[in-house]
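Given next are the chains, with one letter for each unit.
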Amino acid sequence: MADGSRSYLARPMAVGEARLGWATAARSSLWARCGCGREAAIDPRPWLAQGLSRQVLHDLSHRLRCVCGARQAELEIRGLAEAPGHGAGGIYVFR
Ligand SMILES: [Zn+2]
């Protein structure tokens, strides 16, 4: 008799479970969003150079700093069309 309890591996993907390497896909970009409302495009290359391409984005959030003083910001991958063209900035990679 089949055990149905293992049949839900394809659960909906939360934003925080995306991996850094996905940001290098065509027409994708990596963005950080702070609780203060700031958003900024993040260059993933320094992290990729550290071999973090398989790192879950949520685990990198504490490596960001915002000018408001926050010591973390949530990361997400967006298509280029979703990226705001103005009013962005103020969040940077700390390490
Ligand atoms: Zn902030």
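What counts as what
Residues numbered from 1 in each chain as written. Predicted model: local features only at pLDDT ≥ 70, side-chain atom pairs only at ≥ 80, totals over all residues. Helix = DSSP H or I, 4+ residues; strand = E, 2+ residues; numbered from the N terminus. Buried ≥ 20, exposed ≤ 12 C-beta atoms within 10 Å, placed from the backbone. Pairing = 2+ DSSP bridges. Axes fitted to C-alpha atoms, helices over the stretch in contact; angles between N-to-C directions. Core = buried A, V, L, I, M, F, W, Y, C linked by C-beta atoms within 7 Å. Contact = placed C-beta atoms within 7 Å. pLDDT = per-residue confidence, 0-100.

1. Here's the deal with the overall build of the protein chain
Stage number 1. Scanning the protein chain from terminus to terminus reveals one helix and five strands.
Stage number 2. Put simply, the protein chain has 95 residues, and 21% of those count as buried.

2. A few points about the sheet that holds strand 1 (residues 28–33)
Stage number 1. If you trace the three strands from one edge of the open sheet to the other, you get 2-1-4, paired in antiparallel fashion. Looking at the sheet topology across the chains shown, the edges are occupied by strand 2 (39–42) and strand 4 (74–79). On average, adjacent strands in this sheet sit at an angle of 35° to one another, irrespective of strand direction.
Stage number 2. Pairing of strand 1 with strand 2 involves four bridges; the strand directions are antiparallel. Bridging across to strand 2, L30 finds its partner in I42.

3. A few points about the pairing of strand 1
Stage number 1. In the sheet, strand 1 pairs with strand 4 via six bridges, with the strands oriented antiparallel. Bridging across to strand 4, R33 finds its partner in E74.
Stage number 2. Counted between consecutive antiparallel strands, the loop separating strand 1 from strand 2 contains five residues, among which G37 sits at a positive phi close to 105°.

4. Comments concerning unusual backbone geometry
Stage number 1. Notably, R27 is not glycine yet its phi reads approximately 60°, a positive angle.
Stage number 2. Note on placement: R27 falls in the segment before strand 1.

5. Looking at the nonpolar core
Stage number 1. Residues L30, A32, I42, A73, L75 and I91 are the most contacted members of the largest nonpolar core, which totals 17 residues.
Stage number 2. Going through the elements one at a time, strand 1, strand 2, strand 3 (64–66) and strand 4 are the ones with two or more residues in this core.
Stage number 3. Looking at this core, the element that brings in the most residues is strand 1, giving three residues.
Stage number 4. Setting aside its immediate chain neighbours within four residues, I42 contacts L30, W31, A32, L75 and V93.

6. Some details on the confidence of the model for the protein chain
Stage number 1. Confidence in the prediction for the protein chain averages 83 pLDDT; 75% of positions are at 70 or higher.
Stage number 2. The weakest mean pLDDT in the protein chain belongs to strand 4 at 91; the strongest belongs to strand 3 at 97.
Stage number 3. In the model, residues 5–11 has pLDDT below 50 throughout and makes zero contacts with residues more than four positions away in sequence or in other chains.

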